[in-house]
Amino acid sequence: MSKRIAAAGEGDAPLKGGDRPEPMDVDDKEMGDFEDEFEDEFESEDEIFEAGVDGRPDAEREAEERAAGAMDVDSNGTFIVGRNRLEQGQHLAPDLGTYEMLHNLSTPWPCLSFDIVRDGLGDKREKAYPATMYTVAGTQAESSRAKENQLMVMKFSGLSRQQKDGDESDSDADGDDDDDGEETDPILEHKAIPLTSTTNRIRAHQIPSSDPSRPPTTLAATMTESTQVFIHDVTPHLASFDNPGTVITPQQNKPISTIRAHKSEGYALDWSPLVPGGKLLTGDNDGLIYATTRTDGGGWVTDTRAFQGHTSSVEDIQWSPQEASVFASASSDGTVRVWDVRSKSRKPAITVKVSSTDVNVISWSRLTTHLLATGADDGVWGVWDLRQWKGGADKPSPIASFAYHKDQITSVEWHPTDDSMVAVAAGDHKVTLWDLSVELDDEESKDTAGVKDMPPQLLFEHISEHAKEVHWHHQIPGTIVATGQEFSIFRPIPVVYGIHGK
């Protein structure tokens, strides 16, 4: 479940609308890889060894620091978030050399969930800077100020790449690079649709226009803490960004449909990618799943016959990218279940126990459709081959499993054009990028620069405070957007995310 954890002293209960957790001690502008701001304080290792830091022998000082819970690092001096602790006065800062683009932008309230909206600016825009993108998101205001919640329709623009020495000459030499070489300040514009409750999950869907000269109709479905699910037409809000002076009317801010079938709040929500007109699944904390379909006349009908089978809350839902009648659901009962909407029994066709803890998120590969990724509350994420899910007594095993993260997995998503790449977000304030094509028996891949317990498939690690959700941008290859305490938009340098040779 996408939860915000209570700060120390507030108990173990999830914090979804109350006081905010204390912020991490991080650089407030950029986050990513780190460097010790004190690493050059001494001129040589000999000087440190002979004098110690405070005049005492190193052994005595180090023993005291360990007892006091001071910063611990791997044997080669590498600091790893989630394993090591900062000393008082230390801060984390990114290694900007590993980023081609990095921007952090704040909204009035943090957002648990967002979705990227496909635009008409073209595909394969990885060289087009400054970049522009559109998103929808739902806020999580404090419980005492719940009426300030919004569905935010946003435009991010002015997203420049990192400026490096020699950029100007390189740009002149490369006639194919669309970068104008200028560094711009990022701009966040938004149109707010009032909501009175926290948005637990939001997803966008576009209905193609019958007129090629007109944009598609963009819908945003929000599953809220109030138990209601709202469907809004945000097409005019998106158009207003490029048409100055456009006024959004109160009527345009109203939902075109409200789903009231659920009796408890939920987090599971997904549009079918194979039903252009719009077909939506929603799952709640009672373990019930409902299907809502757009009619030929433009109305919406929710089938009151719920899909039942989970013994606890439904945490995530994913439609099959290949079969229009099939979907999968993840639950805090530790299972993933596969369903067929044509089933009159409304029961799952296959049930597999994938974790002893909550299964928070799933992602179905759009390219290799027999692969499903899962992320659980114990920090473990894995990949499963659905061809091995035959049902019966035999329990399948994941074809890959990683226990690298030290807190709950909050988001997992396959790369849209590379079936070996996966992005993962977790409660340990990390967004990680993985390359599953790395062979375990490859001696070169086993070289992790002396860092212990570092999976060779781990390509990149980005710090995002209270990371909740991560998405790849389908039209800007290699670009990732994450939400947590703020929005983080970044693109690692090409050698990191594996454009080479793929």
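A. The arrangement of the overall build of the protein in detail. Scanning the protein from terminus to terminus reveals 5 helices and 28 strands. Considering the protein as a whole, with its 502 residues, one finds that 52% of them fall into the buried category. The contacts in the protein between residues at least 6 apart in sequence include a share of 60% that link residues at least 24 apart. Summing over all exposed atoms, the protein offers an accessible surface of approximately 23,200 Å²; the carbon and sulfur share of this is 47%.

B. The pattern of salt bridges, seen in detail. Going through the model one piece at a time under the given rule, you end up with 14 salt bridges. Across the salt bridge formed by aspartate 385 and arginine 387, the nearest N and O atoms sit 2.9 Å from each other. In the salt-bridge network here, residues are joined through shared partners; they are Arg201, Arg203, Asp316 and Glu469.

C. Up close: the nonpolar core. Counting residues in each nonpolar core, the largest one holds 17 residues, and the members touching the most others are Met133, Phe156, Leu159, Val481, Phe487 and Ile489. For this core, the secondary-structure elements that each account for two or more residues are β1 (99-105), β2 (111-117), β3 (131-139), β4 (150-159) and β28 (487-492). The leading source of residues in this core is β4, at 4 residues. Val361, Phe402, Ile409 and Ala426 belong to the second largest nonpolar core, which has 16 residues in total.

D. Region of the structure containing the environment of glutamine 308. Assignment of secondary structure puts glutamine 308 in the loop between β13 (300-302) and β14 (314-319). With 21 residues separating them in the primary sequence, glutamine 308 and glycine 287 have C-alpha atoms 6.8 Å apart. Setting aside residues up to four positions removed in sequence, glutamine 308 forms contacts with Leu288, Trp339, Arg346, Lys347 and Pro348.

E. Representation of the sheet that holds strand β9 (residues 257-259) in the model. Reading across the sheet, the 4 strands line up as β6-β7-β8-β9 and stay open at both edges, with antiparallel pairing between neighbours. Because the sheet does not close on itself, it has two edges, and the strands there are β6 (199-207) and β9. When strand polarity is set aside, the average angle formed by the axes of neighbouring strands in this sheet is 20 degrees. Pairing analysis gives 5 bridges linking strand β7 (residues 217-224) to strand β8 (residues 229-233), with the strands arranged antiparallel. Bridge pairing in β8 links methionine 223 to valine 229.

F. Looking closely at the side chain of serine 240. Take serine 240: it is sitting in helix α4 (residues 235-240). Residue serine 240 is classed as buried on the basis of its relative accessible area, which comes to 6%.

G. Representation of the sheet that holds β3 within the structure. As summarised here, the arrangement of the 4 strands in space is β2-β3-β4-β5, forming an open sheet in which the pairing is antiparallel. At either end of the open sheet lies a strand with only one pairing partner, and these are β2 and β5 (187-194). This sheet shows a mean twist of 25 degrees between the axes of neighbouring strands, independent of strand direction. Here β3 pairs with β4 via 7 bridges, running antiparallel. Across the sheet, residue glycine 138 finds its bridge partner in β4, namely leucine 151.

What counts, and where the lines are drawn
- Residues numbered from 1 in each chain as written.
- Predicted model: local features only at pLDDT ≥ 70, side-chain atom pairs only at ≥ 80, totals over all residues.
- Heavy atoms only, no water.
- Helix = DSSP H or I, 4+ residues; strand = E, 2+ residues; numbered from the N terminus.
- Buried < 20%, exposed > 50% of the residue type's maximum accessible area, 1.4 Å probe, protein only.
- Contact = heavy atoms within 4.5 Å.
- Areas by Shrake-Rupley, 256 points an atom, 1.4 Å probe, with all protein chains shown as cover.
- Salt bridge = Lys/Arg side-chain N within 4 Å of Asp/Glu carboxyl O.
- Core = buried A, V, L, I, M, F, W, Y, C linked by side-chain atoms within 4.5 Å.
- Pairing = 2+ DSSP bridges.
- Axes fitted to C-alpha atoms, helices over the stretch in contact; angles between N-to-C directions.

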